[in-house]
Amino acid sequence: MRLIDADVLKPKILEYVKALERIKYCYGYDTFGKYYNGKKSAYLNVANLIDEAPTVEERKHGHWIEHPKHPIGDCSVCGERVPIYSGSKKYKSCPYCGAKMEGVNDG
Ligand SMILES: [Zn+2]
């Protein structure tokens, strides 16, 4: 699955609808009116499909429950025990469930 941002995509589609309205105005309503109305209707249908598409679960947030003596930790979301360091940096997400870990600096 490829996650995309519907809030970015939908306004772009609606820009096409506005462009079609401008073009239609240039040609008048008889010649190409029906053609442009059909295109406009198709774009509006797509915009509605985007609104109706299911929202994938928001990314979970968790934190590492660190082991006191070893460079390992448990994910607070799924409970998997993993080596949480890459060099001196802590991993920013759980490799098992994908939870974004709080309190981990990007640097
Ligand atoms: Zn996890």
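In this text the structure is predicted, and so the values were computed from the model without any measurement. (Residues numbered from 1 in each chain as written. Predicted model: local features only at pLDDT ≥ 70, side-chain atom pairs only at ≥ 80, totals over all residues. Heavy atoms only, no water.)

Taken together, the protein ligands of the zinc ion are Cys75 (SG), Cys78 (SG), Cys94 (SG) and Cys97 (SG), with distances of 2.3 to 2.4 Å. Taken in sequence order, the residues that donate to the zinc ion follow the motif C-x2-C-x15-C-x2-C. (Donors = N, O, S within 2.8 Å, 3.2 Å for Na, K, Ca; no water.)

Under the definition given, this model contains 4 salt bridges. One salt bridge in this structure joins Lys10 and Asp51, with 2.8 Å as the shortest N-O distance. On the criterion of sequence distance, the pair formed by Lys10 in helix 1 (residues 6–27) and Asp51 in helix 2 (residues 33–52) is long-range, its members being 41 residues apart. For Lys10, a relative accessible area of 25% puts it in the partly exposed group. (Salt bridge = Lys/Arg side-chain N within 4 Å of Asp/Glu carboxyl O. Helix = DSSP H or I, 4+ residues; strand = E, 2+ residues; numbered from the N terminus. Buried < 20%, exposed > 50% of the residue type's maximum accessible area, 1.4 Å probe, protein only.)

Once that is clear, we can look at the packing of aromatic side chains. Under the criterion given, the structure shown has 2 aromatic pairs. Considering the side-chain rings of Tyr16 and Tyr43, the 5.2 Å spacing of their centres and the 5 degrees angle between planes classify their relative orientation as stacked. Separated by 27 residues along the polypeptide, Tyr16 in helix 1 and Tyr43 in helix 2 bring together distant segments of the chain. Given a relative accessible area of 26%, Tyr43 falls into the partly exposed group. The interplanar angle of 70 degrees and the centroid separation of 5.1 Å between the aromatic rings of Tyr35 and Tyr36 together place this pair among those described as edge-to-face. The class of Tyr35 is partly exposed, set by a relative accessible area of 49%. (Phe/Tyr/Trp six-rings, centres within 6.5 Å; stacked < 30°, edge-to-face > 60°.)

Once the domains are mapped, the chain shows domain 1 (6–52) and domain 2 (61–101). For domain 1 versus domain 2, the separation of C-alpha centres amounts to 48 Å. (Domains from an automatic or database assignment.)

Here we come to the environment of Trp64. Mapped onto the elements of the fold, Trp64 is located in strand 2 (residues 64–66). Taking the C-alpha atoms as reference, Trp64 lies 36 Å from Asp51; in sequence the two are 13 residues apart. In contact with Trp64, other than residues within four places in its own chain, are Gly73, Asp74, Cys75, Val82, Ile84, Lys90, Tyr91, Ser93, Cys94, Pro95, Met101 and Val104. (Contact = heavy atoms within 4.5 Å.)

Turning to a positive patch on the surface, a few remarks are in order. A contiguous patch of positive charge on the surface is contributed by Arg59, Lys89, Lys92 and Lys100. You can see Arg59 is positioned in the loop between helix 2 and strand 1 (61–62). (Patch = residues over 30% accessible without salt bridge, like charges linked within 9 Å, V, L, I, M, F, W, Y side chains within 5 Å. Areas by Shrake-Rupley, 256 points an atom, 1.4 Å probe, with all protein chains shown as cover. Lys, Arg positive; Asp, Glu negative; His and termini not counted. Charge placed at Lys NZ, Arg CZ, Asp CG, Glu CD.)

Looking now at the sheet that holds strand 3 (residues 72–75). In space, the 3 strands of this open sheet follow the order 2-3-4, with antiparallel pairing throughout. With one partner strand each, in any of the chains shown, strand 2 and strand 4 (81–83) form the two edges of the open sheet. Direction aside, neighbouring strands of the sheet carry axes that sit 40 degrees apart on average. Bridge count between strand 3 and strand 4: 3 bridges; the pairing is antiparallel. Along strand 4, the bridge assignment pairs Gly73 with Val82. (Pairing = 2+ DSSP bridges. Axes fitted to C-alpha atoms, helices over the stretch in contact; angles between N-to-C directions.)

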